[in-house]
Every structure is written in structure tokens, then in C-alpha cells.
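Listed here are the chains, written in short residue letters.
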Amino acid sequence: GKDRGRLAGSFRRRRELRCTIAPGLCRCHAGRDGVTRNRAHKVLAGWKARDGKLWFSDMHDQRVKTVDLDGRCEEVVRVENDPSGLGWLPDGRLLVVHGSELRVREGTGLVRYADLSALTPYPFNDITVDGTGTVYVNSIGFDLMGGEQPRPGVVAAVTPDGVARVVASGVQFP
């Protein structure tokens, strides 16, 4: 909504946050001595604006992080494999796509919310959550890292009771 557009515009205008456009120029890699290291983010995914921060998955660093308008970066949670899309349940709990699993933050870690592996052999990517708590997550439909040619994927819906089903097919990954 309005907050998301305002935040996205602010992030684009701030040089300290160029990691969202030009990796390595934010303060996400400041050491304990306060000196920013010239270390680039490799692959950022799942960008979402929430609570005055930009949330993202640093796929190769295997962490979900936030960065604020002053360039302060915080680690939210570690993920054992490449994290991707992010979303929030109506009660405020963080969801993270993790290959063919949907995980939810519990305490300082992540636990399985839904296993999506029976729906498609390909990884899932991004999330949106409706007001009832139904989570919609898309699968890219091909092995991107394996160099396969793009093919259409699916969109799955996960109901609040954890039941997952395909609700759309033939959807092309952007």
C-alpha cells in the first residue's frame, strides 16, 4: 500500500541503501569496529517493506535480514538453505520460502509450516498472504540453477490449517 511505495522510494533515493540496487554499498557488512567492509550481497530475494524497514532474503548468506533508512542492517533469522520469498501471517509471524517448504518463524528459528514438495519438483519462490491467512506461493517451474530453459510453473495455496494445493498452473516465472 501507501507505506510500501513510500519506503521503496525512500530506499531508492538513499545512497547508503544502494545494496537494493548496487550490491555492497550499504552498511549491512559493518564489522564490530564500525568499519563497513566492501562485501557485496550475492542474491537478494523476497524484498518486502514492513515496519519502516526493507526485509529481504540474502540467499547465499543464508539469512533473512532487514535494512532501515539509515543503512542499519540486522539479521532476523538464519536459514539452513537458500531462503527466498517472505510474507507475514495475519498474527505477524514471518513466513519464509525454503525450496519446497514454507517455514514460519518460531522464537529465534524457523519451523515447517507446510511441505510443498508433492505439488511440483521445482522450488517455490515468492509469497503473498491474504487476510484470512491463506498463503499463496509460486513455483518457478524449471531448474533455474541447472540452466534449464524457462517453463511455466504453478501457484499453490496453503490454508491456515496447513493444507496445500495447486490453484493455478501455466504461470510464467518473471
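Values in this document were obtained by computation on a predicted structure and should not be read as measured data. (Residues numbered from 1 in each chain as written. Predicted model: local features only at pLDDT ≥ 70, side-chain atom pairs only at ≥ 80, totals over all residues. Heavy atoms only, no water.)

**A look at the sheet that holds strand β7 (residues 101–106)**
Each strand in a sheet pairs with another by means of backbone hydrogen bonds, the pair being arranged parallel or else antiparallel.
Phase 1 of the analysis: Strand order across the open sheet formed by four strands is β5-β6-β7-β8, with antiparallel pairing between neighbours. Looking at strand neighbours, the two that pair on one side only are β5 (86–88) and β8 (109–115), the edges of this open sheet. With direction set aside, neighbouring strand axes in the sheet form an average angle of 35°.
Phase 2 of the analysis: Relative to β8, β7 is paired through six bridges, and the arrangement is antiparallel. Bridged to V104 within β8 is V111. (Pairing = 2+ DSSP bridges. Helix = DSSP H or I, 4+ residues; strand = E, 2+ residues; numbered from the N terminus. Axes fitted to C-alpha atoms, helices over the stretch in contact; angles between N-to-C directions.)

**Some words on the sheet that holds strand β12 (residues 164–171)**
Phase 1 of the analysis: Strand order in this open sheet of four strands is β9-β10-β11-β12, and the pairing throughout is antiparallel. If you trace the sheet from one side to the other, it starts and ends with β9 (124–129) and β12, each paired once. With strand direction ignored, the average angle separating the axes of adjacent strands in the sheet is 25°.
Phase 2 of the analysis: Pairing analysis gives four bridges linking β9 to strand β10 (residues 135–139), with the strands arranged antiparallel. Paired with T128 across the two strands is Y136, which belongs to β10.

**So, the side chain of K48**
Phase 1 of the analysis: Inspection of the secondary structure assignment puts K48 in strand β1 (residues 44–50).
Phase 2 of the analysis: Looking at K48, its side chain comes within polar contact range of the main-chain oxygen of L86, at 2.4 Å. (Polar contact = N/O pair within 3.5 Å; in protein donor to acceptor, adjacent residues only side chain to side chain.)

**Here we look at the pairing of β12**
Phase 1 of the analysis: Relative to β12, strand β11 (residues 153–158) runs antiparallel, the two being bridged by six bridges. Paired with G153 across the bridge in β12 is V171.
Phase 2 of the analysis: Where β11 folds back onto β12 in an antiparallel hairpin, the turn is made up of five residues, including G162, whose phi is positive at roughly 90°.

**Notes on the pattern of salt bridges**
Phase 1 of the analysis: A complete count under the given rule lists 14 salt bridges for this structure.
Phase 2 of the analysis: A salt bridge links D68 to R72, with the shortest nitrogen-to-oxygen separation between them at 2.8 Å.
Phase 3 of the analysis: Relative accessible area serves as the criterion here: at 9%, D68 is assigned to the buried category.
Phase 4 of the analysis: Given the relative accessible area of 49%, R72 is considered partly exposed.
Phase 5 of the analysis: R93 is the partner of E106 in a salt bridge, and the nearest nitrogen-oxygen pair spans 2.8 Å. With E106 in strand β7 and R93 in the loop between β5 and β6 (94–98), this residue pair connects regions lying 13 residues apart in the sequence.
Phase 6 of the analysis: One continuous salt-bridge network, built from bridges that share partners, spans E80, E101, R103 and R112. (Salt bridge = Lys/Arg side-chain N within 4 Å of Asp/Glu carboxyl O. Buried < 20%, exposed > 50% of the residue type's maximum accessible area, 1.4 Å probe, protein only.)

**Quick word on the nonpolar core**
Phase 1 of the analysis: Core analysis: the biggest nonpolar cluster contains 15 residues, and L95, L102, Y113 and V135 have the highest contact counts within it.
Phase 2 of the analysis: Sorting the residues of this core by element identifies β6, β7, β8, β9, β10 and β11 as the ones contributing at least two each.
Phase 3 of the analysis: With sequence-adjacent residues up to four places away left out, V135 is seen in contact with L89, L95, L102, Y113, I127, T128, V129, A156, A157 and V158. (Core = buried A, V, L, I, M, F, W, Y, C linked by side-chain atoms within 4.5 Å. Contact = heavy atoms within 4.5 Å.)

**Some remarks on the environment of L89**
Phase 1 of the analysis: Along the chain, L89 falls in the loop between β5 and β6.
Phase 2 of the analysis: Accessibility expressed as a relative area gives 5% for L89, which makes it buried.
Phase 3 of the analysis: Residues in contact with L89, not counting those within four places in the same chain, are L95, V104, Y113, V129, G133 and V135.

**Looking at the packing of aromatic side chains**
Phase 1 of the analysis: Using the criterion set out here, one finds one aromatic pair in the structure.
Phase 2 of the analysis: Ring centres of W55 and W88 lie 5.1 Å apart, and the angle between their planes is 85°; on these two criteria the pair is classed as edge-to-face. Here W88 lies in strand β5 and W55 lies in strand β2 (residues 53–58), a separation of 33 residues in the sequence.
Phase 3 of the analysis: Residue classification places W88 among the buried positions, given a relative accessible area of 13%. (Phe/Tyr/Trp six-rings, centres within 6.5 Å; stacked < 30°, edge-to-face > 60°.)

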